[in-house]
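If you want the building blocks of each chain, they are given just below.
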Amino acid sequence: MRIGLVGFAGSGKTTVFNTMTGMDVPVGFGGDVRLGIVKVPDTRIDVLSKVFAPKKTTYAEITFCDIPGEHGADKRGLSPKALQQIRDQEALCLVLRDFENPALEGAPDPVSDLEAFHTESVLADLEIVERRLDRAKKDKPDALELAAFERMKATLEQERPLRSLSADELNRDRLTGFALLTDRPLLVALNRSEENAAKALPDALARLIDELGAAGLVLSASVEAEIAGLDAADQAAFLEDMRLEESALARFIRTAYGLLDLISFFTVGEDEVRAWTIRRGTKARAAAGKIHSDLERGFIRAEVTPYHVFMELGSEQAVKDAGRLQVEGKDYPVADGDIMHVRFNV
Ligand SMILES: Nc1nc2c(ncn2[C@@H]2O[C@H](COP(=O)(O)OP(=O)(O)OP(=O)(O)O)[C@@H](O)[C@H]2O)c(=O)[nH]1
Ligand SMILES: [Mg+2]
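Residues numbered from 1 in each chain as written. Chains lettered and ligands numbered in written order. Predicted model: local features only at pLDDT ≥ 70, side-chain atom pairs only at ≥ 80, totals over all residues.

1. Thoughts on the packing of helix α4 (residues 110-138) against helix α5 (residues 143-157)
Here comes step 1: Contact geometry for α4 and α5: axes closest at 10 Å, N-to-C directions at 145 degrees. For the crossing formed where α4 meets α5, the hand is left-handed. Listed contacts from α5 to V122, D125, L126, V129, E130, R132, L133 and A136 of α4 are L146, F149, M152, K153 and L156.
Here comes step 2: Looking at the contact of α4 with α5 residue by residue, the class counts come to nine nonpolar, no polar and four charged. (Axes fitted to C-alpha atoms, helices over the stretch in contact; angles between N-to-C directions. Helix = DSSP H or I, 4+ residues; strand = E, 2+ residues; numbered from the N terminus. Left-handed = near helix turned anticlockwise from the far one by under 90°. Contact = placed C-beta atoms within 7 Å. Nonpolar A, V, L, I, M, F, W, Y, C, P; charged D, E, K, R; others polar.)

Following this line, the structure appears as structure tokens:
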């Protein structure tokens, strides 16, 4: 999954990117777009890896993309180039500044920054939608698609994000190729100074995040940088000192998985123990396709052991002997934590 770190110049995107990925990209202003891959920590994978002692253990991964918050020509908002780079992302993490940045004028105002980002995204989307509607008047319009675009226009004119429409209303299947911004899942990260790291999201901001159909989270990039530099034992003590329950990366991943409605299933064996990320509701055959297209094409059945059943009985043989192995067909909705063996024939 690809998540873009977006936001205005100097909000701390590169600093957040560094703490999440363990990379050391210079902070300050601007720079190039950067990619960093992060393993999704999962204690279930750690346990399965102990049991199977495989040659290889593979965690699920998230790709972070750090997008410089280049200003528009009037020194405000985001440049067309920045907006274009944002359009390439599957999901967005908006980093809001809530710390004094000596290089910027004025005190931090995250609520107004979120409003400004939203307004700018709405206007960019409206331009695309109106252009499509204009063109539709000339060529032969598809009635369904036209209705969807009219609905999108009305939604945007009320300054509501497209993500507030259902997949059906949006006619989402037909939308690929339209580089819209407000239909992307949005995670808002409030980047705070050290002394406020453990305080909850302020009410006004929480309300706005809710209205926009987004999810919110608080972090302090400077605190996280310190945590990342410690060894495992000291990390726990430091988190407790700061009154934090877990690192920002762990919270970030959990929040992102919830927002995007993602779950993991596992494959196990002597060669590899591996986590796979899918959308909740994905059926067994499509999930098998994540592993290899042959498994989807030649799918016969899936043999499934829920992780908790495996833990209760201790081995795959014990699960079979107890008659607890689930034999599932192609339409079985894979559940979070399913250990799956796909039987196939090509
Ligand atoms: N005190 C404090 N300073 C921070 C924090 N996060 C970032 N900074 C500082 O703010 C400045 C800008 O941070 P960057 O991470 O480069 O900001 P950016 O959003 O990547 O900026 P652009 O790439 O220009 O859009 C740097 O000097 C950082 O050290 C934080 O949590 N607390
Ligand atoms: Mg940057």
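Alright, that's what it looks like, and here's the rest.
2. Here we look at the nonpolar core
Here comes step 1: Among the nonpolar cores identified, the biggest contains 72 residues, and L5, C93, L94, V188 and A189 are the most heavily contacted of them.
Here comes step 2: Three or more residues apiece are contributed to this core by two domains, here domain 1 (2-258) and domain 2 (281-344).
Here comes step 3: Beyond its immediate chain neighbours, meaning those up to four positions away, L94 contacts V6, G7, F117, L186, V188 and A189. (Core = buried A, V, L, I, M, F, W, Y, C linked by C-beta atoms within 7 Å. Buried ≥ 20, exposed ≤ 12 C-beta atoms within 10 Å, placed from the backbone. Domains from an automatic or database assignment.)

3. Section: the pairing of strand β9 (residues 272-279)
The side chains of a regular strand alternate, residue by residue, between the two faces of the sheet.
Here comes step 1: Pairing of strand β3 (residues 56-58) with β9 involves three bridges; the strand directions are parallel. Opposite T57, over in β9, you have V273 as the bridge partner.
Here comes step 2: Taken together, the six bridges between strand β8 (residues 262-267) and β9 define a ladder with antiparallel strand orientation. Its bridge partner lying in β9, L262 is registered against R279.
Here comes step 3: Connecting β8 to the antiparallel partner β9 that follows it, the hairpin turn spans four residues. (Pairing = 2+ DSSP bridges.)

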